[in-house]
Protein chains: 2
Amino acid sequence: MNAEILAIGTELLMGQISNTNAQFITARLSELGLNVHYHTVVGDNADRLKESLDLAFRRSDCVIMTGGLGPTYDDMTKETVAEYFNMPLKMDEAALSQITEYFKSRGREMTPSNAKQALIPEGAVTLYNKFGTAPGVLIEKDGKIAVMMPGPPREMKPMFTEYLIPFFEKKSGVTVKSDFIRIFGMGEAEAEKKIAHLTSSSNPTVAPYVNPGELSLRISARAKTKDEAEALIAPVKKEIYEIFGDLIYGEGLTYSLPQCVLDLLREKKLTFASAESCTGGMIASAITDLSGSSEVFLYGAVTYANSAKVNALGVSPETLEKCGAVSEETVLQMAKGVRLKAGSDIGVSTSGIAGPTGGTPDKPVGTVWIAISTKKYEKAFKLFIPGARDRVRNSAMLHVYDLIRRTVKEDLV
Amino acid sequence: MNAEILAIGTELLMGQISNTNAQFITARLSELGLNVHYHTVVGDNADRLKESLDLAFRRSDCVIMTGGLGPTYDDMTKETVAEYFNMPLKMDEAALSQITEYFKSRGREMTPSNAKQALIPEGAVTLYNKFGTAPGVLIEKDGKIAVMMPGPPREMKPMFTEYLIPFFEKKSGVTVKSDFIRIFGMGEAEAEKKIAHLTSSSNPTVAPYVNPGELSLRISARAKTKDEAEALIAPVKKEIYEIFGDLIYGEGLTYSLPQCVLDLLREKKLTFASAESCTGGMIASAITDLSGSSEVFLYGAVTYANSAKVNALGVSPETLEKCGAVSEETVLQMAKGVRLKAGSDIGVSTSGIAGPTGGTPDKPVGTVWIAISTKKYEKAFKLFIPGARDRVRNSAMLHVYDLIRRTVKEDLV
């Protein structure tokens, strides 16, 4: 089945907001085995919306629309689509009482234009909105499928998950299973070369996904049943594990390295602490972004100034004087210092030149030292990360998490 | 002049990335007085790209394309557009030597497919790329304007600013001047009410821009000259300053609160240190993201565990026992503790319940205490921030920066 995404809203064309809905929907649709060939954004203009809808249905069986379901005069998606399908609008009493309840529970007054939101094309399916006032609509008519959903992502996403995922699974009669294999420590180009012979297959498909500083390989198979799809995936997955070995840290579309470290440390009942210079709090921020991090993360020191390296971590002033802040000796003392200070099992540290200024011929921008310290092991590594400040910082942060993972895996804690 | 944006890339249709380029470009084009009626996303497919291009030029005078200029086989934007305009591709020696230099300076080997990136349609203008290997292209032919730019935003944005803003200003014969007034501490709905009488004007236009947790008001005027545009903006700006007073912390599209604090502390030669619990390193990370932060930011402690609050900051175990970690007493001790530890002029702190778990009837999720400590002043504030974990953390972080700003402005350091 071919599908398109059509977003409606002048605020998108003015650049006030970005069409992040399209990314969410298109990712889900391609997981479900639908081919999405186009995304379109059009303003709150009935003529252009109608033309776009017409064009979309000439190219595709299914059009997923977002936006233009609000209570104001501008919002005309439902009216335009109902006219396109020649379906009169009719009050949906259940939707109306849900909207009434929405306002009541918030102590706000409901306006007549909000009642208008409960009008649904006759014969369509109402997609009730648990997080806002505009219900969504699903129309199946003349071999066409049209979906309308509200624009705010916090309303659209749960609606899509609740109603449309089961709908399309049933529709396509296929089960799509996708596995994401997460890799750290190899560039996209090199990884692509290594899996070139796998990416030409059409079922399962193998494709790289690049996240900043990380890489995922998506293996996606379609079959009548989940078991059959899994059977198609298994041998390819085995081969990918053989190719990448311990560069693979886990599986799952959103399974990040910090999450992997959180899980690993929880399982082993280990704790860590961080001493950051160039990453400036990103190591701490990445782990504390995850629920449950308080079990494994005890303390983070952001020691930007040399005085803080001395006072908070016990780095020796002589070392700083002799070797400099960006040096093997300094990061080793930082890692050990923060471990002892926090009473954690593991201490990690960073010190480097994130740029754009501060580089020297000896230590150019992108030079980063990282270190780890445990009771029985300590080691520092020198990285060179080309690129802009945020890239240097982000990559250094991920390298530290990979270092924790490897150290724990190798039983060096 | 009517314009459209056409983004090319299968990764957009698969949902790997979001089309944030469209937001940037469409905002700039509408500032420049162009009408943008459509955004389209199409995959790396020559036929569909050609059809989309054809359709776009039937509707609009100008098509701005992003993506598909890479070195691989998939990347076919330039070839397709050159064919559409019947312009043969020709090697641009200046672009070629820029690409060669790009690889050389990074110590990486250049492949023959990278040389292909320097092929430019004959008669077109090359838009040299300072941040990557793919040059952009500007074509004016048969009354049509076609622009191709690379997909990565860090390459596209500077290219757009350097080449296309002056190009379209000249084209449209108008100068557009926009000022952004940055506000912290008032919600969008309330701010909109206060400026309702200003937003109906068509020149200058006034529109709110919402960043996570912050608000900008954009005043944009069109005129023949820059001076005339500024004269249109001046009285409106004055009125906005009267309305919002000290909620305004600065001006500029990208002028963030942490940047404002960095500038302010540099000017006053003051330093600060942070002790974070619920924000978990975001305060440190936000300031160290900015070049020059080492002058003002001495030390950040991320004290997630109570033991770290005691050991690293000197918070009294009795206070933690009696009042809890999320309390006025604890944040005050944290702020003072980190200030003394770092030897900085200012200490700030956070402790709260970011969720999704950890809430109690007394201290529901979203309860955050923040505090500031200087030699002559200390004070704690209780916030309640409804929403998801990232929202709570981000908003608490911004409140801390606003607290620093106000404290310095009121001469309490």
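Definitions and limits used
Note that residues are indexed from 1 along each chain, following the sequence as it is written. As a convention, the first chain written is A and the first ligand written is 1, with the rest following in written order. For this predicted model, a pLDDT threshold of at least 70 governs which residues receive local features, and a threshold of 80 or more governs which side-chain atom pairs are given and counted, while totals over whole chains, interfaces and linings are taken from all residues. Processing note: side-chain calculations cover all non-hydrogen atoms of the structure and skip hydrogens and water entirely. Domain extents, as shown, originate in an automatic or database domain assignment. By definition in these notes, contact holds between two residues if any of their heavy atoms fall within 4.5 Å. Take the accessible area each of two parts loses on contact, using a 1.4 Å probe, and add the two losses: that sum is the buried area. Within this document, salt bridges are pairs made up of a side-chain nitrogen of Lys or Arg and a carboxyl oxygen of Asp or Glu, the two lying within 4 Å of each other. Aromatic rings from Phe, Tyr and Trp, with only the six-membered ring used for Trp, were paired whenever their centres fell within 6.5 Å, and each pair was classed as stacked if the ring planes differed by under 30 degrees, edge-to-face if by over 60, and tilted otherwise. The classification of residues rests on relative accessible area computed with a 1.4 Å probe and restricted to protein chains. Under 20% of the type maximum is buried, over 50% is exposed, and intermediate values are partly exposed. Two strands are counted as paired when DSSP detects at least two bridges linking them. Each helix is a run of H or I in the DSSP string that is no shorter than four residues. Each strand is a run of E no shorter than two, and both are numbered from the N terminus. Axis definition: a line fitted to C-alpha atoms, limited for helices to the stretch in contact. Angles are taken between N-to-C directions and run from 0 to 180 degrees. The crossover handedness rule: strands pointing away from the viewer, path from first strand over the helix to second strand clockwise, crossover right-handed. Think of a 1 Å grid over the protein atoms and nothing else: a 1.4 Å probe that fits but is trapped marks a cavity, an open set flanked by protein within 12 Å on at least five of seven lines marks a pocket, and residues with an atom within 4 Å of a point count as lining. Grid points are joined across faces, edges and corners, and a volume is the space filled by probe spheres set on the points. Residue polarity follows a fixed list, in which Ala, Val, Leu, Ile, Met, Phe, Trp, Tyr, Cys and Pro are nonpolar, Asp, Glu, Lys and Arg are charged, and the others, Gly among them, are polar. Only residues with pLDDT of at least 70 in both copies contribute their C-alpha atoms to the least-squares superposition of the copies. An expected span of 1.5 Å times one less than the residue number is assigned to each helix. Each residue is assigned a bend, namely the angle between axes fitted to the seven residues that terminate at it and the seven residues that start at it. Counted charges follow a simple rule, with Lys and Arg positive, Asp and Glu negative, and His plus the chain ends left uncounted. Within 3.5 Å is the distance limit for a polar contact, defined as a pair of N or O atoms, with the added protein rule that one can donate a hydrogen and the other accept it, and that residues adjacent in sequence qualify only through two side-chain atoms. Relevant arc is that of directions from the helix axis to the C-beta atoms, nothing else. An angle counts as roughly parallel when it lies under 35 degrees, as roughly antiparallel when it exceeds 145, as roughly perpendicular when it falls between 65 and 115, and as oblique in every other case. Helix crossings get a hand from a simple test, with the near helix turned counterclockwise from the far one by less than a right angle marking a left-handed crossing and a clockwise turn marking a right-handed one.

## A closer look at the domain arrangement of chain A
All names here are of chain A. The domain architecture assigned to chain A consists of domain 1 (2–172), domain 2 (175–251) and domain 3 (257–409). One C-alpha centre belongs to domain 2, the other to domain 3; they are set 31 Å apart. Facing the eight residues of domain 2 at the interface are eight residues of domain 3. Buried surface at the junction of domain 2 and domain 3, both sides included, amounts to about 710 Å², of which 56% is carbon and sulfur. Of all residues in domain 2, the largest losses of buried area upon contact with domain 3 belong to F184, D246 and Y249, amounting jointly to 71% of the total for that side. The interface formed by domain 2 and domain 3 holds one salt bridge in total. In this structure, R406 engages D246 in a salt bridge whose closest nitrogen and oxygen atoms are separated by 3.0 Å.

## A short note on the packing of aromatic side chains
In this description, a pair of aromatic rings is defined by centroid distance and the angle of the planes. Residue and element names in this part refer to chain B. Counting across every chain of the model gives 20 aromatic pairs over all chains. Measuring from ring centre to ring centre gives 5.2 Å for Y84 and F85, while their planes differ by 80 degrees; the resulting arrangement is edge-to-face. Classification of Y84 by relative accessible area gives partly exposed; the value is 22%. Between Y102 and F103, the ring centres sit 5.9 Å apart and the planes meet at 75 degrees, which makes this aromatic pair edge-to-face.

## Brief notes about the sheet that holds strand β3 (residues 62–66) of chain A
Across the sheet, twelve strands lie side by side as β6(A)-β7(A)-β8(A)-β3(A)-β1(A)-β2(A)-β2(B)-β1(B)-β3(B)-β8(B)-β7(B)-β6(B); this open sheet has mixed pairing. Every interior strand has two partners, whereas the edge strands, β6 (125–127) of chain A together with β6 (125–127) of chain B, have only one. Going across the sheet, the axis of each strand differs from the next one's by a mean of 15 degrees, ignoring polarity. In the sheet, strand β1 (residues 2–8) of chain A pairs with strand β2 (residues 35–42) of chain A via seven bridges, with the strands oriented parallel.

## Describing the pairing of strand β14 (residues 297–302) of chain A
By the criterion of burial, β14(A) is predominantly enclosed, with six of the six residues buried. Handedness of the crossover joining strand β13 (residues 272–276) of chain A and β14(A) through helix α12 (residues 282–288) of chain A is recorded here as right-handed. Judged from the three bridges that link them, β14(A) and strand β14 (residues 297–302) of chain B form a sheet pairing that is antiparallel. Among the inter-strand pairings, G300(A) is bridged to a residue of β14(B), identified as V302(B).

## Section: the layout of surface pockets
Any empty space left between atoms is shown by rolling a water-sized probe over those atoms. Roughly 400 Å³ of volume is contained in the second largest pocket. If you go around the second largest pocket, you meet 20 residues; those closest to its centre are S294(A), S277(B), Y304(B), G352(B) and I353(B). Listed by contribution, the elements that provide at least two residues to the lining of the second largest pocket are α13 (306–313) and β15 (346–352) of chain B. Among the residues making up the lining of the second largest pocket, the classes are represented as seven nonpolar, eleven polar and two charged.

## Notes on the relation of the copies chain A and chain B
Between the two copies, chain A and chain B, the superposition gives an RMSD of 2.0 Å; the rotation angle is 180 degrees and the shift along the axis is 1.3 Å. This pairing of chains is accounted for by a two-fold axis. A high fraction, 95%, of the interface residues of chain A reappear at the interface in chain B, so the copies pair face to face through one surface.

## A look at the pattern of salt bridges
Here the structure, examined in full by the defined rule, presents 37 salt bridges over all chains. Salt-bridge contacts for E4(A) lead to R59(A); the nearest nitrogen and oxygen are separated by 2.8 Å. Of this pair, E4(A) sits in strand β1 while R59(A) sits in helix α3 (residues 46–59), and the two are 55 residues apart along the sequence. On the accessibility criterion, R59(A) (24% relative accessible area) is partly exposed. The network of salt bridges with shared partners includes K177(B), D179(B), K226(B), E230(B), K237(B) and E251(B).

## Some words on the interface of chain A and chain B
On the chain B side, the residues contacting the 59 residues of chain A number 56 residues. Across the chain A/chain B interface, buried area totals approximately 4700 Å², and carbon plus sulfur atoms make up 50% of it. Linking chain A with chain B are two salt bridges. Examining the composition of the side of chain A that touches chain B, we find that seven residues originate from one element, β2(A), more than from any other. Here the side of chain A that touches chain B is built from residues that sort into 26 nonpolar, 26 polar and seven charged.

## What about helix α10 (residues 226–244) of chain B?
Residues and elements named next belong to chain B. The end-to-end C-alpha separation of α10 is 26 Å, in line with the 27 Å expected for 19 residues at 1.5 Å each. The sharpest bend along α10 reaches about 30 degrees and sits at A234, with the proline P235 one to four residues further on. Of all the residues in α10, the buried ones are A229, I233, V236, K237, I240 and F244. Within two residues after α10, G245 carries a phi angle of roughly 55 degrees, on the positive side.

## Details of the side chain of R339(B)
Residues and elements named next belong to chain B. Within the secondary structure, R339 sits in helix α15 (residues 328–342). Although buried, R339 forms no salt bridge, and the nearest oppositely charged side chain, E378, lies 6.0 Å from it. Of note is the side chain of R339, whose polar atom sits 2.9 Å from the side chain of S373. Contact partners of R339, with chain neighbours within four places excluded, come to S344, D345, I346, G347, S373, T374 and K375.

## Quick look at α13(B)
Given 3.6 residues per helical turn, the α-helix brings residues three or four places apart onto the same face. Residue and element names in this part refer to chain B. Considered for burial, the residues of α13 that qualify are A308, K309, A312 and L313. Angularly, the buried residues of α13 cover 105 degrees about the axis, an arc narrow enough to put them on a single face. Positive backbone phi, at 75 degrees, marks G314, one or two positions downstream of α13.

## A short note on unusual backbone geometry
For the peptide bond that leads from G355(A) to P356(A), omega is 0 degrees, which places it in the cis range. Note that P356(A) resides in the loop between β15 (346–352) and β16 (367–373). Its identity as a non-glycine residue notwithstanding, D411(B) has a phi of 65 degrees, on the positive side. Residue D411(B) is classed as exposed on the basis of its relative accessible area of 54%.

## Comments concerning the packing of helix α11 (residues 257–268) of chain A against helix α16 (residues 389–409) of chain A
Residue and element names in this part refer to chain A. Look at α11 against α16: their axes get within 9 Å of each other, and the N-to-C directions meet at 30 degrees. Judged on the interaxial angle alone, α16 and α11 are roughly parallel. Crossing angle aside, the handedness with which α11 passes α16 is left-handed. Between α11 and α16, the residues in contact are L257, P258, C260, V261, L264, L265 and K268 and L398, Y401, D402, I404, R405, V408 and K409, respectively. Class assignment for the residues of the contact of α11 with α16 results in ten nonpolar, no polar and four charged.

## Side note on the side chain of T26(A)
Looking at the secondary structure, you find T26(A) in helix α2 (residues 20–31). Within the local environment of T26(A), its side chain forms a polar contact with the backbone oxygen of L13(B), the two atoms lying 2.4 Å apart. In this structure, T26(A) is in contact with I5(A), V36(A), H39(A), L12(B), L13(B), M14(B) and G15(B), ignoring residues within four places of it in sequence.

## Some details on the environment of P152(B)
Inspection of the secondary structure assignment puts P152(B) in the loop between β8 (144–149) and α7 (153–172). Measuring from C-alpha to C-alpha, the distance between P152(B) and L29(B) comes to 19 Å, with 123 residues separating the pair along the chain.

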